[in-house]
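# Survey of secondary and tertiary structure
Next come the chains, spelled out residue by residue.
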Amino acid sequence: MSSTSENTSVLELNNALAARILADPEVAVFLKPFMHGPTTVKAAAEAFNLPIQTMHYRVGQMLKAGLLQVIAVSNRQGRPIKHYQATSTAFRIPLELVPQRLLENLTSHVSWKVQLERSLEKALQANTHPAHMVVYRNQDGLLTWSSRPDDDADEPEILGLQYPATFNLWTGGLMLDRADAKALQRELWELYERYAHRGGAEKYVMHLGLAPSFE
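What comes next is a walk through the structure. None of these values were measured; they are calculated from a predicted model.

For the protein chain, the helix and strand inventory stands at eight helices and six strands. Listed N to C, the secondary structure of the protein chain is β-α-α-α-α-α-β-β-β-α-α-β-β-α in terms of helices and strands. A total of 215 residues make up the protein chain; the buried ones form 22% of that total. A separation threshold of at least 6 residues defines the contact pool for the protein chain, and within that pool the share at least 24 residues apart is 54%.

Turning our attention to the pattern of salt bridges. As enumerated under the stated definition, the model contains one salt bridge in all. Between Arg-92 and Glu-12 there is a salt bridge, with its nearest N and O atoms 3.7 Å apart. Of this pair, Arg-92 sits in strand E4 (residues 91–92) while Glu-12 is found in strand E1 (residues 11–12), placing the two residues 80 residues apart along the sequence.

Positioned with a positive phi, Asn-49 is a non-glycine residue whose angle comes to about 55 degrees. Overall, the relative accessible area of 71% leaves Asn-49 in the exposed class.

Attention now moves to a positive patch on the surface. A cluster of basic residues, Lys-42, Arg-76, Arg-79 and Lys-82, forms a positive patch at the surface. Within the secondary structure, Lys-82 sits in strand E3 (residues 81–86). Residue classification places Lys-82 among the partly exposed positions, given a relative accessible area of 45%.

Attention now goes to the environment of Leu-50. Mapped onto the elements, Leu-50 comes out in the loop between helix H4 (41–48) and helix H5 (52–64). Non-local contacts of Leu-50, meaning those with residues more than four positions away in its chain, are made with Phe-30, Ala-45 and Met-55.

Mapped onto the elements, Gln-61 comes out in helix H5. On the basis of relative accessible area, Gln-61 is assigned to the buried category, the value being 19%. Ignoring anything within four residues of it in the chain, the contact list for Gln-61 reads Leu-17 and Ile-21.

This part covers the pairing of strand E2 (residues 68–74). The sheet contact formed by E2 and E3 spans six bridges and is antiparallel. For Gln-69, the partnering residue across the bridge sits in E3 and is Gln-85. Counted along the chain from E2 to the antiparallel partner E3, the turn is six residues long, and its residue Gly-78 has a positive phi close to 90 degrees.

Its location among the elements puts His-36 in helix H3 (residues 32–36). The spacing of His-36 and Thr-89 is 53 residues in sequence and 8.4 Å in space, taken between C-alpha atoms.

Attention shifts here to a nonpolar patch on the surface. A contiguous nonpolar surface patch, about 220 Å² in accessible area, is contributed by Leu-63, Val-70 and Val-73. By the secondary structure assignment, Val-70 is in strand E2.

Moving on, we come to the packing of H4 against H5. Axis separation between H4 and H5 bottoms out at 9 Å; the angle between their running directions is 115 degrees. On the basis of their axis angle, the class for H4 and H5 is roughly perpendicular. The crossing of H4 and H5 is right-handed. On H5, the residues that touch Val-41, Lys-42, Ala-44, Ala-45 and Phe-48 of H4 are Ile-52, Met-55, His-56 and Val-59. Of the residues belonging to the contact of H4 with H5, the class tally is seven nonpolar, one polar and one charged.

With that settled, the discussion passes to H4. For H4, the set of buried residues is Val-41, Ala-44 and Ala-45. Angularly, the buried residues of H4 cover 100 degrees about the axis, an arc narrow enough to put them on a single face. Seen from the buried face of H4, the exposed residues on the opposite side, beyond 90 degrees, are Lys-42, Glu-46 and Ala-47. Against H3, H5 and E3 lie the buried residues of H4. Taken from the residues just after H4, Asn-49 is the one with a positive phi, measuring 55 degrees.

Conventions adopted
Counting starts from 1 at the beginning of each chain's written sequence and moves along it residue by residue. With pLDDT at 70 or above as the cut-off, local features in this predicted model cover only qualifying residues; side-chain atom pairs require 80 or more to be listed or tallied, and sums for whole chains, interfaces and linings still use all residues. Based on all heavy atoms of the structure, the side-chain values leave hydrogens and waters out of the count. Counting from the N terminus, the helices are the DSSP runs of H or I reaching at least four residues and the strands are the DSSP runs of E reaching at least two. Note on classification: 1.4 Å probe, protein chains only; a residue is buried when its accessible area is under 20% of the maximum for its type, exposed when over 50%, partly exposed between these limits. Note on contacts: a residue pair is in contact if any heavy atoms of the two residues lie within 4.5 Å. Here, a salt bridge means any Lys or Arg side-chain nitrogen found within 4 Å of an Asp or Glu carboxyl oxygen. Exposure above 30% relative accessible area and the lack of any salt bridge qualify a residue for a patch; like charges then connect within 9 Å, and the nonpolar side chains Val, Leu, Ile, Met, Phe, Trp and Tyr within 5 Å. The method behind every accessible area is Shrake-Rupley, applied with a 1.4 Å probe, and residues are considered shielded solely by the protein chains displayed. The charge count treats Lys and Arg as positive and Asp and Glu as negative. His and the chain ends do not count. Where a charge lies is defined by one atom per residue type: Lys uses NZ, Arg uses CZ, Asp uses CG and Glu uses CD. Each pair of strands is called paired provided DSSP finds at least two bridges between the two strands. As a rule, the C-alpha atoms of each element are fitted with a line to give its axis, helices using only the stretch in contact, and angles between N-to-C directions run from 0 to 180 degrees. The scheme is simple: roughly parallel for angles under 35 degrees, roughly antiparallel for over 145, roughly perpendicular for 65 to 115, oblique for anything else. Whether a crossing is left-handed or right-handed is set by the direction in which the near helix is turned from the far one by less than a right angle, anticlockwise for left-handed and clockwise for right-handed. All amino acids are sorted into three groups, where Ala, Val, Leu, Ile, Met, Phe, Trp, Tyr, Cys and Pro are nonpolar, Asp, Glu, Lys and Arg are charged, and the leftover types, Gly among them, are polar. For this quantity, the arc is that covered by the directions from the helix axis to the C-beta atoms.

In short, shape yes, function no, at least from these values alone.
Here's what the structure looks like:
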């Protein structure tokens, strides 16, 4: 998840090819280098460690979809070198153009869930300190899985500097009225925004989720 700057104009595209590209994270990622500025096919191919023929195909598809444009041509002996740039850094596409399979993958966040699970597993394997799971009945009468009981006065061990920066919390029993739920929604968004653009040295995958339970 990422926010769009207020100064960013969102380009609306109404073609099926653009929808298929943008709704598939494994394909849409090839647009990213061209969002930073003018880029050649060769430079993009090297960034992804791909054969240049493969990148030529990706660029051709993105051109047809209206996601890329040629903004400069460098003359040289032989074939001129074209420099491509994304037509915008933010796109809007009608949901009815998104193939159902891709829409289901996006709404269930399949690729991000896999990445989060793998990253959590690797972080736990690399951790040399003993980890524990506590299963208990909390003060609201719900069976809970956590690193400590919620009435424990001490903060969780995982917050110590010797532990990796991981957090994995699921609860289906958060009891709120609508005003509190909206306040939590806003606080979660503001918390994300506070750290989203820091530009640190390490890359993290993160998931925040909140929804009314209809079960």
